[in-house]
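Spelled out from the first residue to the last, the chains are:
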Amino acid sequence: MAAGNDRELEEIRIEYLGRSGRLTQIFKNIGNLEEGEKKSIGLLINESKNTLQKLIATQKNKFKETAREWFDPTIPGEAPRTGSLHIITQAIEEIAEVFKQIGFIRMRYPEVDWDWFAFEGLNFDKNHPARDDWETFWLNAPESKKYGTMLLTPHTSNGQIREMQREMQREMQREMQREMQRSKKNLPIRMINIAKCYRRQSDISHTPMFHQFEGLVVDKDINITHLKGVLDYFAKAYFGKGRVTRLRPHNFPFTEPSFEVDITCDICAGRGCRLCKEGWLELAGAGMVHPNVLKNGGIDPKKYTGFAFGTGVERVLMMKSGLKIPDLRLLYSSDLHFLGQF
Ligand SMILES: [Zn+2]
């Protein structure tokens, strides 16, 4: 190594040119010489000293060059550790993009909301048994006379009423402008709400915090074929070209009629296999917005109709990727060994 050579060179320099080096010693003894010899010996010593110094300097430079050549810039460096988006964040961005393609706008609504927006406004009576299916976190906060108790949103459906009310206000403004302009425009809502939801649940397949996405369309002459078209579009865009959906009658308080949405199994393409049994997998809940919900959103159900659909982000992600997560809680555990796989 260069360092070792440098040291040897320094030893040589000290041996000959150092304070008690050989040449220095000879120079010190020059006084003992005869007058005639002094000058020629002195010159000789100086010459030797200069030559030696030059040689040492040259050698030193050579060592430096070798050291520089030893550095090989072609050897790959060590890459710094980089982070990445959480797998659920990636899924949310993908879903948002799919719906953006057909004109849905992604909206955000409160995650802490009133009972009225999460239940009552959605046509759940105060004692409706279906409320028990939403294992709700209630907040210990002062109640509102109009809107009831505060809660952590147990589903994304509170966004339905919130969006309709806001849209109605906008519509009223537009109506006034229209009156002035004597031109006619409709109220279209095309909203996608992707948000965190909270329920009192925690086991292998449930987390107290999870994500849903929910679409809402309200306009004149909206019917079930529009709903079916959007669901089929999503099935193809997100899961793949060959996939289609079917609607099965169901019951939700906030839609009428209501459906459970199935998607064809990707393994058997709907023919039926060991995994899916009958060819279909449960994908989402959906339906035509209940007239009471439209009314509660400030929209005249005689003039407007709409559809809504919703499902879990974690659910569609696992269905799409075939990902088997041994314990869903791992997703939110901040365990980099687990999350780093995706
Ligand atoms: Zn199958």
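For every chain, the first residue of its written sequence is number 1, and the numbers climb from 1 along that sequence. This being a predicted model, a pLDDT of at least 70 is required before a residue's local features are given, and a value of 80 or more before pairs of side-chain atoms are given or counted; all residues contribute to the totals for chains, interfaces and linings. Values reported for side chains reflect all heavy atoms of the structure, with hydrogen atoms and water molecules removed beforehand.

(A) Quick look at the sheet that holds strand β6 (residues 209-219). Being paired, for any two strands, means DSSP has found at least two bridges between them. Comment: elements are numbered from the N terminus, with helices defined as DSSP H or I runs of at least four residues and strands as E runs of at least two. The 7 strands lie next to each other as β1-β5-β6-β10-β9-β8-β7, forming an open sheet whose pairing is mixed. Lying at the two open borders of the sheet, with one neighbouring strand each, are β1 (105-107) and β7 (245-250). Sheet twist, expressed as the mean angle between neighbouring strand axes with direction ignored, is 25°. Note: β1 against strand β5 (residues 189-198), 3 bridges, orientation parallel. Within β5, the residue paired with M107 across the bridge is N193. The contact definition used throughout considers only heavy atoms, calling two residues in contact when any of these lie within 4.5 Å. Each axis is a line fitted through C-alpha atoms, taken for helices only over the stretch in contact, and angles between the N-to-C directions span 0 to 180 degrees. Contacts between helix α7 (residues 224-239) and the sheet are confined to β6, β7, β8 (255-264), β9 (280-289) and β10 (305-312), with β7 contributing the most and set at about 130° to the helix. Against the sheet, helix α9 (residues 313-321) engages β5, β6, β8, β9 and β10, with an angle of about 65° to β10.

(B) Broad picture of the pattern of salt bridges. In the sections that follow, a salt bridge refers to a side-chain nitrogen of Lys or Arg positioned within 4 Å of a carboxyl oxygen of Asp or Glu. Counted according to the given criterion, the structure contains 15 salt bridges. One salt bridge in this structure joins K126 and E120, with 3.3 Å as the shortest N-O distance. Overall, the relative accessible area of 28% leaves E120 in the partly exposed class. Of the charged contacts, one joins R248 and D262 as a salt bridge, the two residues approaching to 2.8 Å between their closest N and O atoms. Taken as a pair, R248 in strand β7 and D262 in strand β8 lie far apart in primary sequence, 14 residues in all. Each of R246, R248, E260 and D262 takes part in a single network of salt bridges with overlapping partners. Each residue gets one of three labels from its accessible area relative to the maximum for its type: buried under 20%, exposed over 50%, partly exposed in between, using a 1.4 Å probe on protein chains only.

(C) Region of interest: the sheet that holds strand β2 (residues 112-114). On the basis of which strands lie adjacent, the open sheet formed by 3 strands has the order β2-β4-β3 and antiparallel pairing. If you trace the sheet from one side to the other, it starts and ends with β2 and β3 (137-138), each paired once. The pairing of β2 with strand β4 (residues 150-152) spans 3 bridges and is classified as antiparallel. Within the sheet, the bridge partner assigned to D113 lies in β4 and is L151.

(D) Spotlight on the packing of helix α4 (residues 87-100) against α9. Two elements in contact, α4 and α9, have axes whose closest approach is 10 Å; the angle formed by their N-to-C orientations is 90°. Looking at the two axes, α4 sits roughly perpendicular to α9. Every residue of α9 that contacts α4 at I87, I88, A91, I92, E94 and I95 is listed here: V313, E314, V316, L317 and K320. Of the residues in the contact of α4 with α9, the class split is 8 nonpolar, no polar and 3 charged. When an angle is under 35 degrees it counts as roughly parallel; over 145 it counts as roughly antiparallel; between 65 and 115 it counts as roughly perpendicular; any other value is oblique. Residues are grouped as follows: nonpolar covers Ala, Val, Leu, Ile, Met, Phe, Trp, Tyr, Cys and Pro; charged covers Asp, Glu, Lys and Arg; every other residue, Gly included, is treated as polar.

(E) Representation of α4 within the structure. One less than the number of residues in a helix, times 1.5 Å, gives the span that helix is expected to have. Along its 14 residues, α4 runs 20 Å from first to last C-alpha, staying within 8% of the 20 Å computed at 1.5 Å per residue. Within α4, burial applies to I87, I88, A91, I92, I95, A96, V98 and F99. As for α4, its buried residues are in contact with β1, β5, β6, α7, β10 and α9.

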